[in-house]
Amino acid sequence: MPKWSRRDVLTLPLGLGAAAALAACGGSGGGDAGGELSDKPVTLRFTWWGSDARHKRTQQVIDLFTKAHPTITIKGEFKDWNGYWDALATTVAANDAPDIIQMDELYLASYAQRGALLDLKTADKHLTTGDFDPKALATGLLDDKQYALPVGLNTYAIIVNTDLLAKYKVALPDDATWTWDDLKALGGAVSKASGGAVTGVQSWGFDMGAPNIWARQHGAAIYAPDGRVAVPPDVLAGFWQYLADLAKSGVAPAASVTVERANAPLDQSGTATNKSAFATWWNTQLTSLATASGQTLKLLRLPGESTASAPGAYYKPSMFWSVSSRSKHPAEAALFVNFLVNDQSAADILLTERGVPANPKIRAGIAGKLSAYDKAAADFLDTVKVGESPRVTPNGASDVEAMMRRRTEEVLFGRQSPQDAATSFIKELQTAIDNA
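Treat the numbers as computed from the prediction; the structure is a model and nothing was measured. (Residues numbered from 1 in each chain as written. Predicted model: local features only at pLDDT ≥ 70, side-chain atom pairs only at ≥ 80, totals over all residues. Heavy atoms only, no water.)

## Considering the layout of surface pockets
A probe as big as a water molecule, rolled over the atoms, marks out the empty space that is left.
Here is step 1: Taken as a whole, the second largest pocket spans an internal volume of roughly 330 Å³.
Here is step 2: Taken together, 19 residues form the lining of the second largest pocket, with E388, S389, P390, R391 and V392 sitting closest to its centre. (1 Å grid on protein atoms, 1.4 Å probe; cavity = no way out; pocket = protein on both sides within 12 Å on 5 of 7 lines; lining within 4 Å. Points joined across faces, edges and corners; volume = space filled by probe spheres on them.)

## Re the side chain of D374
Here is step 1: In this fold, D374 is placed in helix α15 (residues 372-383).
Here is step 2: For the buried D374, no salt bridge exists, and the shortest N-O distance to an oppositely charged side chain is 8.3 Å, to R57.
Here is step 3: Leaving out residues up to four positions away in the same chain, D374 has contacts with T287 and T352. (Helix = DSSP H or I, 4+ residues; strand = E, 2+ residues; numbered from the N terminus. Buried < 20%, exposed > 50% of the residue type's maximum accessible area, 1.4 Å probe, protein only. Lys, Arg positive; Asp, Glu negative; His and termini not counted. Salt bridge = Lys/Arg side-chain N within 4 Å of Asp/Glu carboxyl O. Contact = heavy atoms within 4.5 Å.)

## Describing the packing of helix α9 (residues 233-248) against helix α17 (residues 418-434)
Packed helix pairs are specified by the crossing angle of their axes together with the interaxial distance, meaning the distance between the axes.
Here is step 1: Between α9 and α17, whose axes approach to 8 Å, the crossing angle comes to 130 degrees. Relative to α17, the element α9 lies oblique. With respect to the hand of their crossing, α9 and α17 are arranged in right-handed fashion. Taking contact as the criterion, the partners of P233, D234, L236, A237, W240 and Q241 in α9 are, on α17, P418, Q419, A421, A422, F425 and I426.
Here is step 2: Counted by class, the contact of α9 with α17 contains 9 nonpolar, 2 polar and 1 charged residues. (Axes fitted to C-alpha atoms, helices over the stretch in contact; angles between N-to-C directions. Parallel < 35°, antiparallel > 145°, perpendicular 65-115°, else oblique. Left-handed = near helix turned anticlockwise from the far one by under 90°. Nonpolar A, V, L, I, M, F, W, Y, C, P; charged D, E, K, R; others polar.)

## Points about helix α12 (residues 330-342)
Here is step 1: With 13 residues, α12 ought to run about 18 Å at 1.5 Å a step, and its terminal C-alpha atoms sit 18 Å apart, in line with that.
Here is step 2: Within α12, 12 of the 13 residues are buried, which leaves it mostly tucked inside the rest of the structure.
Here is step 3: Residues P330, A331, E332, A333, A334, L335, F336, V337, N338, F339, L340 and V341 constitute the buried set of α12. (Expected span 1.5 Å × (residues − 1).)

## Overview of the nonpolar core
Here is step 1: The biggest cluster of nonpolar side chains holds 138 residues, and the ones touching the most others in it are M103, Y111, W204, W240, F278, F425 and L429.
Here is step 2: Here this core gets 9 residues from one element, more than from any other, and that element is α9. (Core = buried A, V, L, I, M, F, W, Y, C linked by side-chain atoms within 4.5 Å.)

## What to know about the environment of P211
Here is step 1: Its location among the elements puts P211 in helix α8 (residues 209-217).
Here is step 2: C-alpha of P211 to C-alpha of L186: the two residues are 25 residues apart in sequence and 21 Å apart in space.
Here is step 3: In contact with P211, other than residues within four places in its own chain, are I222, L236, F239 and M404.

## Brief notes about empty space enclosed by the protein
Here is step 1: Within this structure, the stated rule accounts for 3 cavities of 30 Å³ or more.
Here is step 2: Its volume calculated, the largest cavity comes out at about 170 Å³.
Here is step 3: Contributing to the lining of the largest cavity are 17 residues, with V151, L340, L350, P357 and I362 lying nearest its centre.
Here is step 4: For the lining of the largest cavity, the secondary-structure elements that each account for two or more residues are β6 (149-154), α12 and α13 (344-350).
Here is step 5: Ranked by the residues each element gives to the lining of the largest cavity, the list is headed by α13, at 3 residues.
Here is step 6: Tallied by class, the residues present in the lining of the largest cavity amount to 13 nonpolar, 2 polar and 2 charged.

## A word on the sheet that holds strand β8 (residues 199-202)
Here is step 1: Pairing in this open sheet of 4 strands is mixed, and the strands run β8-β9-β7-β10 from one edge to the other. Of all the strands in the sheet, the pair left with one neighbour each is β8 and β10 (297-300). Each strand axis lies, on average, 25 degrees off the axis of its neighbour in the sheet, ignoring direction.
Here is step 2: Taken together, the 5 bridges between strand β7 (residues 156-161) and strand β9 (residues 276-282) define a ladder with antiparallel strand orientation. Across the sheet, residue V160 finds its bridge partner in β9, namely F278.
Here is step 3: Relative to the sheet, helix α11 (residues 286-293) contacts β7, β9 and β10, its axis offset from that of β10 by approximately 150 degrees. (Pairing = 2+ DSSP bridges.)

## Comments concerning the confidence of the model for the chain
Here is step 1: Looking at the chain, pLDDT values average 92 and 93% of them are 70 or higher.
Here is step 2: Under a pLDDT of 50 for its full length, residues 1-28 has, in the predicted model, 61 contacts with residues more than four places off or in other chains. (pLDDT = per-residue confidence, 0-100.)

## Some details on the environment of L165
Here is step 1: Mapped onto the elements, L165 comes out in helix α6 (residues 162-167).
Here is step 2: For the pair L165 and A193, spaced 28 residues apart in sequence, the C-alpha separation works out to 10.0 Å.
Here is step 3: Contacts of L165, omitting those with residues within four sequence positions, involve V160, V170, A171, L172, V190, A277 and F278.

## Overview of the sheet that holds strand β3 (residues 100-103)
Here is step 1: The 6 strands are arranged β2-β1-β3-β11-β6-β12 in an open sheet whose pairing can be described as mixed. On the outer flanks of this sheet lie β2 (72-79) and β12 (356-357), each paired with one strand and no other.
Here is step 2: By the bridge criterion, 2 bridges tie β6 to β12 in an arrangement that is antiparallel. Within β12, the position partnered with L153 by the bridge is V356.

## Some points on α11
Here is step 1: Of the residues making up α11, those classed as buried are L286, T287, L289, A290 and S293. The buried residues of α11 all sit within an arc of 165 degrees when viewed along its axis, so they share a single face.
Here is step 2: At the exit of α11 stands G294, carrying a positive phi of roughly 75 degrees. (Arc of directions from axis to C-beta.)

Given below as structure tokens:
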């Protein structure tokens, strides 16, 4: 039976508490996920985070499901992001977890490896995944167990303001062949033509998308299959050196501007305010950025893909559906998850509220109901060549993006060299994993 450290109790929104050791004995306290559905009334608890708009759409889907299955009642429990993880930690620790759980990639391994989640492969009588791309399914796979199903998919991209390129007479790049040097040159041309009023590139390095891509294009990975930190320091140093060079040359904003934007809402970013022509984003952020910008934005495939040793692009789930290993009604819970991911009527309500659907059949089914930018984001998934999914964020590494953000700020302000940032990042991340 896995042990729970004091750090589990006191740190991260995932601090599940020592009492959760009782829940860590696999699914021994739950029902039979592969068994028959009960012919008696069943009540399931379903928890998620999100906005009021998400709550309303989700309740509509619940009503649709329970109308078709009158013996099943589903009680929704929804919160904002921070309150959500505290509540989930408390209920799991008390052996009172909701039956269906909206899960995030950063915390998946921590819950799964403590035995809090059901292996959904055991529920295949009520939950089918045949329409999913295996690379999408792999995002919720750990130790050959399917602890989660991706709800929506994202992939990293460059978003470019084509109105700015036209204004400053800079050609749109060929995103099938361009390189990181090409991005630097094009960005420099925008900065020069605008007299610095617009920077060619909005700097990045504040989430794990970009370093994952950089490592993968260099034949490496952030984590080894066993969960240890595997990225070579020189690869990470090259990543931070590139960002430092962009800022030093004026292709990207000064460090103070970059950090201010990184800590601000999306609508205050360089892309949204039309102050930067090129920037890295997840493809599904296109619609929100275009709405804020009021100008013409376009998704481009990542630089460097044509010459990389392996595709840097990969699928990142917007979130997952998981089922508690302690659920007394796992068959019914699996049936509801099946409805969420495979039923067209549910998809017609949810549309892209939780991201572009991971199920390509469902994605195609809602295409005619999407706005132009939402459709562009969905279509982009079908045009990008993605590699194998990165290893799920290991237990203990849920704070990795805060570690990354600190090093990026230190490098941009010149307080730490790229090499020192890489060395200290790897050491801190590995220590967090070892202490989990």
